[in-house]
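Fold and contact review
Here is what each chain is made of, one letter per residue.
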Amino acid sequence: KLQFLYLIDCCHQHTSTTMQRTDSPIESRPSGASFSGITGSGSVQLKDKLLFAVPKKGRLHDQCIELLKSIGVKYSRKARLDIAMCTNLPMALIFLPAADIPKYLADSHVDLGITGEDMIAEKDSDVKTEVALGFGKCRLCLQAPVVKGHKDPTELLGGRIVTSFPNLSNKYFDRLQTAKDKNAPNETKVSYVSGSVEVACGLGLADAIVDLVESGDTMVAHQLCIVDVLMHTQAVLVSNKNTSFPHLVQKLRRRVEGVILAKNYRMITYNVERSKLDAARVITPGRRAPTVTELVEEGWVAVQAMVGASEVHEMMDKLYDLGAQDIFVTDIANARVTE
């Protein structure tokens, strides 16, 4: 931790507890910003590099690392250092707690980052969402002990709430109180804990909690149930609105979009009689249109189309029933498309 605080101080002349807003990302990166020992060959200048914030641990970390590999980001990270220099792009990866990433972005201290929509909402950060990543999906829920039988969230007004999301929780109970009686103050007591929120009710610290629910296994294990859903959330690629590297941000965004598209689509190829082509095109319309190629055998064509991964099995069955032959499906490793 001391090593990382030293790094951030060298790079940005601030720590996470003393950050102040700046309208210029250049001003937030002093010309002398450098860090020794990253590559083992002396100090490295960071002021001319895009800084990409990545969750250093937790539920998003592993999937973020896999995404970086998928978009061709290569980097060298030394043990116990929370910065990694990219070897094929003018960029450095900064490993931060996911909850802090929105603050660093909004205050122009990093250019790009991956975090949860819940974290952005909790910090009320003014950042630009580039791409919804489709992983880390969960719900931020008001949960109470099953034995209490709470069905209406207003039953918990004035109660004790423990959460890692105090800002969102206070706003939520303010809205509940206003809807019930706008002239009465909200006397709900919201307390912050950094983790293991689910044990608060069992220990007698809370009447209910506000916490993330993914599979629901942890909630069930602690004999809790969902009373209400505050928001749905997932991981997102977000950028600093004042970045000095807009072209590189867009380049990375396109790469991420290509990887997401590739995961959601498959390429289907088959042969079919030309007389049945119109019917086949209805089954596999493709993103724009299928590719149709004449075969040497008269009266037959080969068809290739991008189709939704979730629909591919049903399409293959329909094509088989139509009389198509040599039907096969291949994965798409990556893509670039224009909407």
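Starting from 1, residues in each chain are numbered consecutively following that chain's sequence as written. Given that this is a predicted model, residues contribute local features only at a pLDDT of at least 70 and side-chain atom pairs are listed and counted only at 80 or more, while totals for whole chains, interfaces and linings are drawn from all residues. Note that water and hydrogens are dropped before the side-chain values are worked out from all heavy atoms of the structure.

1. Quick notes on the overall build of the protein chain
Note the cut-off: Working definition: helices are DSSP H or I runs of at least four residues, strands are E runs of at least two. Numbering for both runs from the N terminus. The classification of residues rests on relative accessible area computed with a 1.4 Å probe and restricted to protein chains. Under 20% of the type maximum is buried, over 50% is exposed, and intermediate values are partly exposed. Residue contacts follow a heavy-atom distance rule, with two residues in contact if any of their heavy atoms lie within 4.5 Å. Here the Shrake-Rupley method, with its probe set to 1.4 Å, supplies the accessible areas, and only the displayed protein chains count as covering residues.
Per the secondary structure count, the protein chain includes nine helices and 18 strands. Looking at the protein chain as a whole, 46% of its 339 residues are labelled buried. Put simply, of all contacts in the protein chain between residues at least 6 apart along the chain, 72% involve residues at least 24 apart. Roughly 17,800 Å² of accessible area belongs to the protein chain as shown, and the carbon and sulfur atoms make up 49% of that amount.

2. Considerations on the nonpolar core
For soluble globular proteins, the rule of thumb is that nonpolar side chains tend to be buried together. To keep things clear, this is the line we draw: Joining through side-chain atoms within 4.5 Å is the link that ties buried Ala, Val, Leu, Ile, Met, Phe, Trp, Tyr and Cys residues into a set, and such a set is a nonpolar core.
Core analysis: the largest hydrophobic core is formed by 29 residues, its most contacted members being Leu50, Phe52, Met91, Leu93, Leu133 and Leu252. When contributions to this core are tallied by element, the ones reaching two or more residues are β3 (50-55), α2 (61-70), β5 (83-86), β6 (91-96), β7 (112-116), β14 (235-239) and α7 (246-264). In this structure, Phe52 is in contact with Leu68, Met91, Ala92, Leu93, Ile94, Leu112, Gly113, Ile114, Leu237 and Leu252, ignoring residues within four places of it in sequence. Core analysis: the next-biggest nonpolar cluster, separate from the first, contains 18 residues, Ala98, Leu140, Ala144 and Met231 among them.

3. Some words on unusual backbone geometry
In the Ramachandran plot, Arg80 falls in the positive-phi region, its phi being about 70° despite a non-glycine side chain. You can see Arg80 is positioned in the loop between β4 (75-76) and β5. Judged by its relative accessible area of 76%, Arg80 falls in the exposed class. One non-glycine residue, Asp326, adopts positive backbone phi at about 50°. Considering the arrangement of structural elements, one finds Asp326 in strand β18 (residues 325-331).

4. A short note on the sheet that holds β7
We count it as follows: One requirement defines pairing of two strands: DSSP has to find at least two bridges between them. Here an angle of 0 to 180 degrees is reported between the N-to-C directions of two axes, which are lines fitted to C-alpha atoms, with helices fitted over the stretch in contact.
Spatially, β4-β5-β6-β3-β7-β14-β8 is the arrangement adopted by the seven strands of the open sheet, whose pairing is mixed. Only two strands of the sheet have a single neighbouring strand rather than two, namely β4 and β8 (128-132). Bridging between β7 and β14 involves five bridges; their strand directions are antiparallel. If you follow Gly116 over to β14, its bridge partner there is Ala235. Of the strands in this sheet, β3, β4, β6 and β7 are in contact with α2, which crosses β3 at around 140°. Sheet strands in contact with α7 are β3, β6, β7, β8 and β14, and its direction is about 25° off that of β8.

5. Some details on the state of the cysteines
One way to say it: the disulfide is the covalent bond shared by the sulfur atoms of two cysteines. The test is simple: Criterion for a disulfide: a pair of cysteine sulfur atoms at a distance within 2.5 Å.
Going through the model one piece at a time under the given rule, you end up with zero disulfides. With no disulfide of its own, Cys138 has Cys141 as its nearest cysteine by sulfur position, at a separation of 8.6 Å. According to the relative accessible area criterion, Cys138 is buried, its value standing at 7%.

6. Side note on the confidence of the model for the protein chain
Predicted coordinates in areas of low pLDDT are best not read in detail. Filter applied, for reference: Each residue gets a pLDDT score, which is the predictor's confidence in that residue and runs from 0 to 100.
Per-chain confidence: the protein chain averages 88 in pLDDT, with 86% of residues scoring 70 or above. Within the model, pLDDT remains below 50 along residues 1-28, and this stretch shows 57 contacts once partners closer than five positions in the same chain are excluded. Under a pLDDT of 50 for its full length, residues 30-41 has, in the predicted model, 36 contacts with residues more than four places off or in other chains.

7. Remarks on the sheet that holds strand β16 (residues 291-294)
Within the open sheet, the four strands sit side by side as β16-β17-β15-β18. Their pairing is antiparallel. Strands at the two margins of the open sheet, each flanked by one partner only, are β16 and β18. Neighbour-to-neighbour, the strand axes of the sheet open up by a mean angle of 15°, direction not taken into account. Summarising the sheet, strand β15 (residues 265-273) and strand β17 (residues 300-308) pair through nine bridges and their orientation is antiparallel. Across the sheet, Tyr265 pairs through a bridge with Gly308, a residue of β17. The strands that α7 touches are β15 and β17; relative to β15, the one it contacts most, it runs at about 50°. Running at roughly 170° to β18, helix α9 (residues 312-322) makes contact with β15, β17 and β18 of the sheet.

8. Focus on the packing of aromatic side chains
Our working rule: Between the rings of Phe, Tyr and Trp (Trp by its six-membered ring), a pair exists once the centres lie within 6.5 Å; its type follows the angle of the planes, with under 30 degrees stacked, over 60 edge-to-face, and the other angles tilted. Criterion for a charge above a ring: Arg CZ or Lys NZ at most 6 Å from the ring centre, at most 35 degrees from the ring normal.
For the coordinates displayed, the defined rule picks out one aromatic pair. Plain terms: the ring middles of Tyr172 and Phe173 are 5.1 Å apart, the flat faces sit at 80° to each other, and that makes the pair edge-to-face. You'll find Tyr172 and Phe173 in the same group, each marked buried. The ring centre of Tyr265 lies 5.4 Å from the NZ or CZ of Arg287, which sits over that ring.

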